[in-house]
Amino acid sequence: MRTELEGLAAENLALRGQLDALLREARANEDKLRRFEGLEHRLIGAGSVVELVKLLLCDYKPAFGIDSVTLSLLDRELELSRLLKTQGEPELEALRLLPLGDELEALYGMTPRPWLGPFDARRHGDLFGAVRPRSVALLPLLRRGELIGSLHFGSLDAQRYDAQAGTQFLERLAAIVAVCLESVLNQERLKLAGLTDMLTGVHNRRYFEHRCQIEIAQARRHHHALACLFLDVDFFKRINDSHGHARGDLVLRTVGLLIQAQLRAGDTVARWGGEEFVVLLPRAAAAAARDIAERIRQRIAVQQVPAAAGQVLNITASIGLAMLEEVDGSAADATLPAVAERLVAAADAALYRAKQGGRNLVVGPGIGALIS
Ligand SMILES: Nc1nc2c(ncn2[C@@H]2O[C@H](COP(=O)(O)OP(=O)(O)OP(=O)(O)O)[C@@H](O)[C@H]2O)c(=O)[nH]1
């Protein structure tokens, strides 16, 4: 009888212990859910790709005591690479942009599902960079059944991510991340559409006018040079007339790309309208700006654009160059829009002289400075 009672008491104690453990786990889960919901709201509120990526890569680790968080995103069109670059984002070590989908497909196979278990160097390669976690959670990011990326959590605790553990939390997180990513990308696309020339993909005039004022303010504040180029494709009407408007459009796209290829990060190129492009070169003194303009002119002159029936089209451009110091010297009190207008007008006037001088020329800065 006594032993039976003792047995019951021991069982009771064990049950109470289990109950306590369950209660502790429930409280911990509740706490985790609260932290998770907090981060979830911030993910939903992210206003840019950079903000979203930083939230995932930087804020998740301390909030959930994860040792390593990395992210791979599919970037077939290099759209994300461009976005991160224009947002001045230095490379984030934990973010990998993949131009092809094969790496993701190899990781998840035909039916992507979250994967929890021990880290396997052969299979997981350098998903976690220099960190060697002991257990990992790999979460496929899916939109409409397509793999668009993969989020990886790594823990130094071998028990943390276990194949038997429930994946409800993680699946919900992956679904939210994928939706948020698509949503911020769409927001970025909309923002860019208002500032981009749809035909050539370079900035539009509206963006240029805004950017020009910012660059003038910066140049004044830091006493550095600012050069402006005004470029016009020579005899463009003839190209349209003899080869058709579609071929003319191709020429404009090509010229936009060729200009862009000669510029540094921080320079700005925009389509002013028709066959005219404008360029801003911050911190370029007159001699350096002339070299850049000359390089652009030469690059365009050697480019052959494919035309109908195996023919090729040769193009040239004329470029006018003006320096901020020419138009801003005696009028430090001039408003930014007025100075920006004068700067572009001075470059346009130099362009006019290049056309008068025979085209396929760079002219400026200053009156009569014919340099090639
Ligand atoms: N294909 C195409 N043509 C355009 C576009 N915008 C303007 N144009 C054409 O560009 C041509 C510009 O011609 P002009 O201003 O006479 O200049 P040009 O023939 O380049 O002569 P110069 O500048 O004096 O060397 C016009 O025929 C416009 O119709 C466009 O988006 N696409």
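Residues numbered from 1 in each chain as written. Predicted model: local features only at pLDDT ≥ 70, side-chain atom pairs only at ≥ 80, totals over all residues. Heavy atoms only, no water.

Caption draft 1: Quick look at the site of the ligand. Neighbouring the ligand are 17 residues; Phe236, Asn240, Asp249, Arg271 and Arg359 lie closest to it. In isolation the ligand has 670 Å² of accessible area, and contact with the protein removes 66% of it. For the shell around the ligand, the secondary structure elements donating two or more residues are strand E6 (226–233), helix H8 (236–243) and helix H9 (245–261). Residue contributions to the shell around the ligand peak at four residues, all from H9. Each residue belonging to the shell around the ligand can be placed in one class, and the counts come to five nonpolar, four polar and eight charged. (Near = heavy atom within 4 Å. Areas by Shrake-Rupley, 256 points an atom, 1.4 Å probe, with all protein chains shown as cover. Helix = DSSP H or I, 4+ residues; strand = E, 2+ residues; numbered from the N terminus. Nonpolar A, V, L, I, M, F, W, Y, C, P; charged D, E, K, R; others polar.)

Caption draft 2: Molecular detail of the sheet that holds strand E3 (residues 115–118). Reading across from one edge, E2-E1-E5-E4-E3 is the order of the five strands in this open sheet, with mixed pairing throughout. The open sheet terminates on both sides in strands that have one partner only, identified here as strand E2 (95–98) and E3. On average, each strand axis in the sheet is inclined to that of its neighbour by 15°, with strand direction left out of account. One ladder, built from nine bridges, connects strand E4 (residues 135–143) with strand E5 (residues 146–155); its direction is antiparallel. Note on E5: the bridge partner recorded for leucine 141 is glycine 149. Strand contacts of helix H6 (residues 168–193): strand E1 (68–74), E3, E4 and E5, with the helix running at about 45° to E4, the strand carrying the most contacts. (Pairing = 2+ DSSP bridges. Axes fitted to C-alpha atoms, helices over the stretch in contact; angles between N-to-C directions. Contact = heavy atoms within 4.5 Å.)

Caption draft 3: Quick look at the sheet that holds strand E12 (residues 362–363). Spatially, E7-E8-E6-E11-E12 is the arrangement adopted by the five strands of the open sheet, whose pairing is mixed. Strands with a single pairing partner mark the edges of an open sheet, and in this sheet they are strand E7 (268–273) and E12. Strand direction decides the pairing type here: E7 and strand E8 (residues 276–282), joined by five bridges, are antiparallel. Directly across from valine 269, in E8, lies its bridge partner valine 279. Relative to the sheet, helix H10 (residues 286–302) contacts E6, E8, strand E11 (317–323) and E12, its axis offset from that of E11 by approximately 170°. Packing against the sheet, helix H12 (residues 336–356) makes contact with E6, E7, E8, E11 and E12, and its axis sits at approximately 140° to E11.

Caption draft 4: Up close: the UniProt feature "coiled-coil region" (unreviewed entry) in the protein. Within this structure's numbering, the places UniProt gives as "coiled-coil region" (unreviewed entry) are residues 5–39. A distance of 50 Å separates the end C-alpha atoms of residues 5–39, which is 100% helix and 0% strand. (UniProt positions renumbered as here; feature names shortened; annotations may be inferred.)

Caption draft 5: Spatial organisation of H10. With 17 residues, H10 extends 24 Å between its outermost C-alpha atoms, agreeing within 8% with the 24 Å of an ideal straight helix rising 1.5 Å per residue. When H10 is considered as a whole, its buried residues turn out to be Ala289, Ile292, Ala293, Glu294, Ile296, Arg297 and Ile300. Next to the buried residues of H10 lie E6, H9, E8, E11 and E12. (Expected span 1.5 Å × (residues − 1). Buried < 20%, exposed > 50% of the residue type's maximum accessible area, 1.4 Å probe, protein only.)

Caption draft 6: Structural view of the layout of surface pockets. Of the pockets and cavities examined, the largest pocket occupies roughly 1,300 Å³. Along its surface, the largest pocket is lined by 33 residues, and Arg82, Thr86, Leu192, His203 and Gln260 are the ones closest to its centre. Both domains that meet at the lining of the largest pocket, namely domain 1 (29–193) and domain 2 (205–371), each give it at least three residues. (1 Å grid on protein atoms, 1.4 Å probe; cavity = no way out; pocket = protein on both sides within 12 Å on 5 of 7 lines; lining within 4 Å. Points joined across faces, edges and corners; volume = space filled by probe spheres on them. Domains from an automatic or database assignment.)

Caption draft 7: Region of the structure containing the confidence of the model for the protein. When pLDDT is averaged across the protein, the result is 88; 95% of the residues are at 70 or more. Reported confidence for the predicted complex is 0.90 by ipTM and 0.59 by pTM. (pLDDT = per-residue confidence, 0-100.)

Caption draft 8: Summary view of the packing of H8 against H9. Two elements in contact, H8 and H9, have axes separated by 6 Å at closest approach and are oriented at 140°. Regarding the angle of H8 to H9, the classification is oblique. Residue-level inspection shows Phe236, Ile239, Asn240 and His243 of H8 in contact with H9, the latter providing His245, Arg247, Gly248, Val251 and Leu252. Partitioned by chemical class, the residues of the contact of H8 with H9 number four nonpolar, four polar and one charged. (Parallel < 35°, antiparallel > 145°, perpendicular 65-115°, else oblique.)

Caption draft 9: Here's a closer look at helix H3 (residues 79–86). Buried within H3 we find Leu80, Leu83 and Leu84. The arc that holds every buried residue of H3, seen down its axis, measures 95°, which confines them to one face. Residues Arg82, Lys85 and Thr86 are exposed on H3 and point more than 90 degrees away from its buried face. (Arc of directions from axis to C-beta.)

Caption draft 10: Inspection of the pattern of salt bridges at higher detail. Scanning the model with the defined rule gives 18 salt bridges in all. Of the charged contacts, one joins arginine 143 and glutamate 182 as a salt bridge, the two residues approaching to 3.1 Å between their closest N and O atoms. Here arginine 143 is found in strand E4, whereas its partner glutamate 182 is found in helix H6, with 39 residues between them in sequence. Judged by relative accessible area, which is 22%, arginine 143 ranks as partly exposed. For glutamate 182, a relative accessible area of 23% gives the class partly exposed. Overlapping salt bridges, with partners in common, bring together Glu37, Glu40 and Arg172 in one network. (Salt bridge = Lys/Arg side-chain N within 4 Å of Asp/Glu carboxyl O.)

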